[in-house]
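# Topology and contacts: notes
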Amino acid sequence: MSQHPLIDSFFLHELANIAGKASLEHYRTHELTVLENKPKADYQFDPVTQADRLAEKLMREHITKIYPEHSIIGEEYGVTGDSPIQWVLDPIDGTRPFLCGLPLWANLIGLTIDGKATMGMMSQPYIGERFWADHSGSWTSSHHGHFQLQTRKNIPLDQAILHTNSPEPIDSHKNIHFTALTKIVLMTRYGGECYAMAMLAAGRIDICFDFALEPYDIVPLIPIIEQAGGRVTTLDGNRAEKGGAVLATGCPILHEQVLDILNHG
């Protein structure tokens, strides 16, 4: 996987440190407030907090200081700049669990070059766990150590573990045969947010499907999964950097089987 020669994973960790510090200032505190509700399809409550905006603001400032020529796209402040090198930021992916005090949120940081995701970071600062990918592979670190990630391969579909973030969108997408898939797999789990994608890269979950993702939801996770041996596409089998209905699997063979079921039942 290509990587811009002036950027390495050290900068990803710098940005994660900045976002983590800003996020933790408001996590599990009485000062945490919802500044705005941005309801979207299938979800009546999609909150924005001061932690979301602060974390993105500070990451943007640091990127602009070090790489002023680069473009940035983020959930809270949109697109700035015009460059084939673009940073993709979701300052707090999982704001709803963030509000609930559940450590299933993370700071997401991605990098695209000519539209292709090449580096990514998922950092959970409260737990102190990170998952990231660069030219050397896909990695995780925590107080348990530093390990290379590897997806699980050659799992029969009836033994596979499936995750989607919420059952809410299922009834609204009758053309996507998700229920048919749940009847075949070993079990289906909900509510893991971006952590489910990280666990797919770590070989603990086999299939992750989300009905509607934005670029900043998925771009940072694509390199982590791909560098660990998995695959990430839209339902038509194309690359997923632009978001939409996104399927991630740990095994390319399993991926084709799941695509066929989701598309045709």
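These numbers come from a predicted model, not from an experiment. Residue indices follow the written sequence of each chain, beginning from 1 at its first position. Per-residue local features of the predicted model are confined to residues with pLDDT of at least 70, and side-chain atom pairs are confined, for both listing and counting, to 80 or more; whole-chain, interface and lining totals are unaffected and use all residues. Hydrogens and waters are ignored; side-chain quantities use all the structure's heavy atoms.

So, about the sheet that holds strand β8 (residues 129-134). DSSP-based pairing: two strands are paired if at least 2 bridges between them are found. Helix and strand assignments follow DSSP, with helices taken as H or I runs no shorter than four residues and strands as E runs no shorter than two, numbered in order from the N terminus. Strands sit in the order β4-β3-β5-β6-β7-β8-β9-β10 across an open sheet of eight strands; the sheet is mixed. Across the chains shown, the open sheet's two edge strands, defined by having one partner strand only, are β4 (78-80) and β10 (145-148). Averaged over neighbouring strand pairs, the angle between their axes works out to 15 degrees when direction is ignored. Note: β8 against strand β9 (residues 137-142), five bridges, orientation antiparallel. Residue pairing for β9: Arg-130 is matched across the bridge by Ser-141. We call two residues contacting when some pair of their heavy atoms lies within 4.5 Å. Inter-axis angles, ranging from 0 to 180 degrees, are taken between N-to-C directions of lines fitted to C-alpha atoms, where helices are fitted over the stretch in contact. Its contacts with the sheet place helix α2 (residues 50-66) against β3 (71-74), β4, β5 (85-93) and β6 (106-113), and it is angled at close to 155 degrees to β5.

Another point: the pattern of salt bridges. Between Lys or Arg on one side and Asp or Glu on the other, a salt bridge is scored when a side-chain nitrogen of the former is within 4 Å of a carboxyl oxygen of the latter. Evaluation of the coordinates by the stated rule reveals eight salt bridges. A salt bridge links Arg-60 to Glu-56; the shortest N-O distance between them is 2.9 Å. With a gap of four residues between them, Arg-60 and Glu-56 both fall in helix α2, about one helical turn apart. Exposure classes here rest on a 1.4 Å probe applied to the protein chains alone. A residue is buried below 20% of its type maximum, exposed above 50%, and partly exposed in between. Of the residues examined, Arg-60 reaches a relative accessible area of 10% and is grouped as buried. When its relative accessible area of 0% is taken as the criterion, Glu-56 is described as buried. Where salt bridges share partners, they join Glu-226, Arg-239 and Glu-241 into one cluster.

For Asn-154, which is not a glycine, the phi torsion comes out positive at approximately 55 degrees. Looking at the secondary structure, you find Asn-154 in the loop between β10 and β11 (161-164). Located in the positive-phi region is Glu-193, a residue other than glycine, with phi close to 55 degrees. Looking at where Glu-193 falls in the secondary structure, it is placed in helix α5 (residues 193-201).

Under the pairing criterion, centres of Phe, Tyr and Trp rings, with the six-membered ring standing for Trp, must be within 6.5 Å; the plane angle then separates stacked pairs below 30 degrees from edge-to-face pairs above 60, leaving the rest tilted. Throughout the structure, instances matching the rule amount to 11 aromatic pairs. These aromatic residues form a ring-pair network of at least three members: Tyr-27, Phe-98, Trp-105 and Tyr-126.

Viewed as axis vectors pointing N to C, helix α1 (residues 9-24) and α2 meet at an angle of 150 degrees, and their least axial separation amounts to 8 Å. Taken together, the axes of α1 and α2 are roughly antiparallel relative to one another. The chirality of how α1 crosses α2 is right-handed. Between α1, through Phe-11, Glu-14, Leu-15, Ile-18, Ala-19, Ala-22 and Ser-23, and α2, the contact on the second element is made entirely by Ala-51, Leu-54, Ala-55, Leu-58, Met-59, His-62, Ile-63 and Ile-66. Charged means Asp, Glu, Lys or Arg here, nonpolar means Ala, Val, Leu, Ile, Met, Phe, Trp, Tyr, Cys or Pro, and polar covers whatever is left, Gly included. Considering only residue class, the contact of α1 with α2 consists of 12 nonpolar, two polar and one charged. Here the angle decides the label: under 35 degrees means roughly parallel, over 145 means roughly antiparallel, 65 to 115 means roughly perpendicular, and every other value means oblique. Helix crossings fall into two classes, left-handed where the near helix is turned counterclockwise from the far one by less than a right angle and right-handed where it is turned clockwise.

All right, on to the state of the cysteines then. Cysteine sulfur atoms that pair up within 2.5 Å are treated as a disulfide. Within the structure shown, the criterion is met by zero disulfides. Of all cysteine sulfurs, the one in Cys-194 lies closest to Cys-100, which takes part in no disulfide; the gap is 15 Å. Sulfur of Cys-251: no disulfide; nearest cysteine sulfur belongs to Cys-208 and is 14 Å away.

Here the focus is the layout of surface pockets. Using a 1 Å grid laid over the protein atoms alone, points where a 1.4 Å probe fits but cannot get out form a cavity; open sets with protein on both sides within 12 Å along at least 5 of 7 lines form a pocket; any residue with an atom within 4 Å of a point counts as lining. Grid points are joined across faces, edges and corners, and a volume is the space filled by probe spheres set on the points. Its volume calculated, the second largest pocket comes out at about 170 Å³. Around the second largest pocket sit Ile-73, Gln-86, Val-88, Thr-112, Gly-115, Pro-215, Val-219, Arg-239, Ala-240, Glu-241 and Lys-242, which together line it. For the lining of the second largest pocket, the residue count by class is five nonpolar, three polar and three charged.

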